Amino acid sequence: MNLSVELCGLRLEHPVLNGSGTFDAIAARRAFGEELLDEFPFSAFVSKTITPKPRVGNPPPRIFETPSGMINSIGLPNKGLDGFLDQDLPLLAELPVPLVVSVLGTSHGEFARLVEGVADRAEVAALELNVSCPNVESGLIIGQQPEETLALIQGLRPRTAKPLIVKLTPNVPEPATVARAAEEGGADAVSLVNTLEAAAIDPATLEAWLGAGSGGLSGPAIRAVAVGQVREVAAAVSIPVIGMGGIESGTHALAFLGAGATAVAVGTANFRDPLVGNRVRAELEAALVAGGVGPISDLRGRMLASTST
């Protein structure tokens, strides 16, 4: 079956991507060798989020396992813009799939610097805007406020012709409102969901177990929430939606596509099996064949028809 999809003008061999920060392609290549490039598990690679300056991340402990999921409080450790461009980008450019670079700033100026610094590089196919950080100019989390999201994207859109993908947070009452603001501002796609706000308590001390006090819940525990929000957002916008949240099998991926996603991203499952994307893709193809589904694009049409009746 032909699994190819078009995402923001990029023709992808299949709809399975990775979630930002959940798959270290450079380390995986060292571990699995050049064979990784021959059977790369994703149709596009999304880098871990980079910030203008290097970050060491949050204090440990950083991960807490929950039933059917985990809470992470990694804190976006990265080499910063200059370190990424000098050290990581040349290696990521060798991957056999389009490169999407994830960026995060705490002001419109920081986002502008990141977009201009990354988008000018020919190796980069698209950018993902992580809007989960407070804007120091307003004190508001950009991705939780439609007005903030709209203003940010309107300011960034003239700075590059490359696709801009806005990564939405699930920690809002109406994610579709934020998604519509992103589309109005000029975004080419949205991706969701990011992690759900969560905390863990040490029963011995009754204090926060994670070093930063709280973190984000991911994995199968959030899958039903993610499918619901993807369905809501896909019905509200005309731009592509990348769905994620607890995907561990082809059947899970099919549910997100059925909810209206154009593509899906595997996240937490990569920590247990770095090559799980290959299995998800194969199982998705088998599920489509077994269900007698035609082109993947037909799934979105089915979703829209079901939500309008």
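These notes cover the structure that comes with them. Bear in mind that the values here come from a model prediction, so they are computed numbers and not experimental data.

### Structural notes on the packing of helix 6 (residues 175–185) against helix 7 (residues 223–236)
At their nearest, the axes of helix 6 and helix 7 sit 9 Å apart, and the two run at 40° to each other. Here helix 6 is positioned oblique relative to helix 7, judged by the angle of their axes. By crossing handedness, the relation of helix 6 to helix 7 is classed as right-handed. The residues of helix 7 that touch helix 6, namely those facing Pro 175, Ala 176, Ala 179, Arg 180 and Glu 183, are Gln 229, Glu 232, Val 233 and Ala 236. Looking at side-chain class alone, the contact of helix 6 with helix 7 contains five nonpolar, one polar and three charged residues.

### Topic: the sheet that holds strand 4 (residues 45–46)
As summarised here, the arrangement of the eight strands in space is 3-16-15-10-9-8-7-4, forming an open sheet in which the pairing is parallel. Bordering the open sheet on either side are strand 3 (16–18) and strand 4, each of which pairs with just one other strand. One ladder, built from three bridges, connects strand 15 (residues 241–244) with strand 16 (residues 263–266); its direction is parallel. In the strand pairing of strand 16, Gly 243 is matched with Val 264. On top of the sheet, helix 4 (residues 108–119) reaches strand 7 (99–103) and strand 8 (126–130); it is set at about 160° to strand 8, its chief contact.

Criteria and cut-off values
Residues numbered from 1 in each chain as written. Predicted model: local features only at pLDDT ≥ 70, side-chain atom pairs only at ≥ 80, totals over all residues. Heavy atoms only, no water. Axes fitted to C-alpha atoms, helices over the stretch in contact; angles between N-to-C directions. Helix = DSSP H or I, 4+ residues; strand = E, 2+ residues; numbered from the N terminus. Parallel < 35°, antiparallel > 145°, perpendicular 65-115°, else oblique. Left-handed = near helix turned anticlockwise from the far one by under 90°. Contact = heavy atoms within 4.5 Å. Nonpolar A, V, L, I, M, F, W, Y, C, P; charged D, E, K, R; others polar. Pairing = 2+ DSSP bridges.

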